[in-house]
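Notes for the structure review
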Protein chains: 2
Amino acid sequence: MDRVFRALANPTRRRLLDSLRTRNGETLGGLCADLDMTRQAVTQHLRSLEDANLVSTIRSGREKLHYLNPVPLQEIYDRWIHKYELNQLQFLTDLKKIAGGD
Amino acid sequence: MDRVFRALANPTRRRLLDSLRTRNGETLGGLCADLDMTRQAVTQHLRSLEDANLVSTIRSGREKLHYLNPVPLQEIYDRWIHKYELNQLQFLTDLKKIAGGD
DNA sequence: TTGACATGCAAGTAAATTATTGCATATATT
DNA sequence: AATATATGCAATAATTTACTTGCATGTCAA
């Protein structure tokens, strides 16, 4: 889970995920075209996303195709963010009790 | 939004949020007691959480009280993770078409 | 097979992050 | 007033991150 949070911490990597959302299966070259940095830099960002299991790749001839895997994002939500939802927070229900609300 | 993602990228900061979830309003000293690092390091983590608007503080006498603000987490979900939910992804419906499923 | 294209690999640099130490300030307690 | 407690501020060191340059390898197409 730590790898996922760390992968999401970078705007270039979030942008890569957004690209794959609309152009799933995109090649490395295609993803590079969007970004103003070297191909090697993009490769390293993609590796970080692969390590977090947010992207998987397959080789097709001389091209590398990138596929989005949304499952870790679901897990971030289900196992983490969910607990922080307003109506899940105990202190708020405590506040309601104190305030006498119903 | 970038500040929120960056704040969440560190396990100590996620742990601080978890502490505040159960002990909202905790003092700096109280939060330090959980962690095996200097008070100054914890202060810097809390500043990062404040910059992301995930924590707000008020001074009470010689103590500083920390309160959790879950709203930025809601926004992360609503404006970002939500778009990646499995049934939101066009490529999956495309896959279904190709596979001929209904 | 030769040349162009797509990607892989590795070392190096600059900047950001994480954590430290040392000292200052403000509040509470006796 | 004197002491202990809680926090603030600043400089520094170690590590990680983000990105670069240079060269190697593998694949397609004429």
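Right above here is the structure, for reference.
Quick look at the structure, then.

About the thresholds
- Residues numbered from 1 in each chain as written.
- Chains lettered and ligands numbered in written order.
- Predicted model: local features only at pLDDT ≥ 70, side-chain atom pairs only at ≥ 80, totals over all residues.
- Heavy atoms only, no water.
- Near = heavy atom within 4 Å.
- Polar contact = N/O pair within 3.5 Å; in protein donor to acceptor, adjacent residues only side chain to side chain.
- Helix = DSSP H or I, 4+ residues; strand = E, 2+ residues; numbered from the N terminus.
- Least-squares fit on C-alpha atoms with pLDDT ≥ 70 in both.
- Phe/Tyr/Trp six-rings, centres within 6.5 Å; stacked < 30°, edge-to-face > 60°.
- Buried < 20%, exposed > 50% of the residue type's maximum accessible area, 1.4 Å probe, protein only.
- Pairing = 2+ DSSP bridges.

Close to DNA strand C lie 20 residues, the nearest being Gly29 and Arg39 of chain A together with Thr38, Gln40 and His45 of chain B. When the atoms of DNA strand C within 4 Å of the protein are sorted by group, sugar and phosphate make up 65%. Interatomic distance of 2.8 Å between a side-chain N/O atom of Gln40 of chain B and a base oxygen of DNA strand C. Between DNA strand C and His45 of chain B, the relevant distance is 2.4 Å, taken from a phosphate oxygen to a side-chain nitrogen or oxygen of the residue. Put simply, the parts of the chain that give the surface near DNA strand C at least two residues each are helix 3 (28-34), helix 4 (39-51) and strand 3 (63-68) of chain A together with helix 4 (39-51) of chain B. At 4 residues, the largest contribution of residues to the surface near DNA strand C is made by helix 4 of chain B.

A few words now on the relation of the copies chain A and chain B. If you rotate chain A by 180° and push it 0.0 Å along the axis, it lands on chain B with an RMSD of 0.0 Å. When the rotation and shift are considered jointly, the pair of chain copies conforms to a two-fold rotation axis. Scanning chain A for the C-alpha nearest the rotation axis identifies Ala9 of chain A, at a separation of 3.0 Å.

Looking now at the packing of aromatic side chains. All names here are of chain A. This model, assessed by the stated rule, comprises 5 aromatic pairs over all chains. Here Phe5 and Trp80 contribute two aromatic rings whose centre-to-centre distance is 5.3 Å and whose plane-to-plane angle is 70°, an arrangement assigned as edge-to-face. Of the two residues, Phe5 is situated in helix 1 (residues 2-8) and Trp80 in the loop between helix 5 (71-79) and helix 6 (90-99); the sequence distance between them amounts to 75 residues. Accessibility assignment for this pair places Phe5 and Trp80 in one class, buried.

So, on to unusual backbone geometry. Residue and element names in this part refer to chain A. Residues other than glycine seldom take positive phi values, yet Asn53 does so here, at roughly 65°. Tracing the backbone through its elements, the reader meets Asn53 in the loop between helix 4 and strand 2 (55-60). A relative accessible area of 44% places Asn53 in the partly exposed class.

All names here are of chain B. Of the strand pairs in this sheet, strand 1 (residues 26-27) and strand 3 (residues 63-68) are connected by 2 bridges, and their pairing is antiparallel. Looking at the pairing, Glu26 lines up with His66 of strand 3. Inspection of the sheet shows strand 2 (residues 55-60) paired to strand 3 by 6 bridges, in the antiparallel sense. Directly across from Thr57, in strand 3, lies its bridge partner His66. The turn linking strand 2 back onto strand 3 is made up of 2 residues, and Gly61 within it adopts a positive phi angle of 65°.

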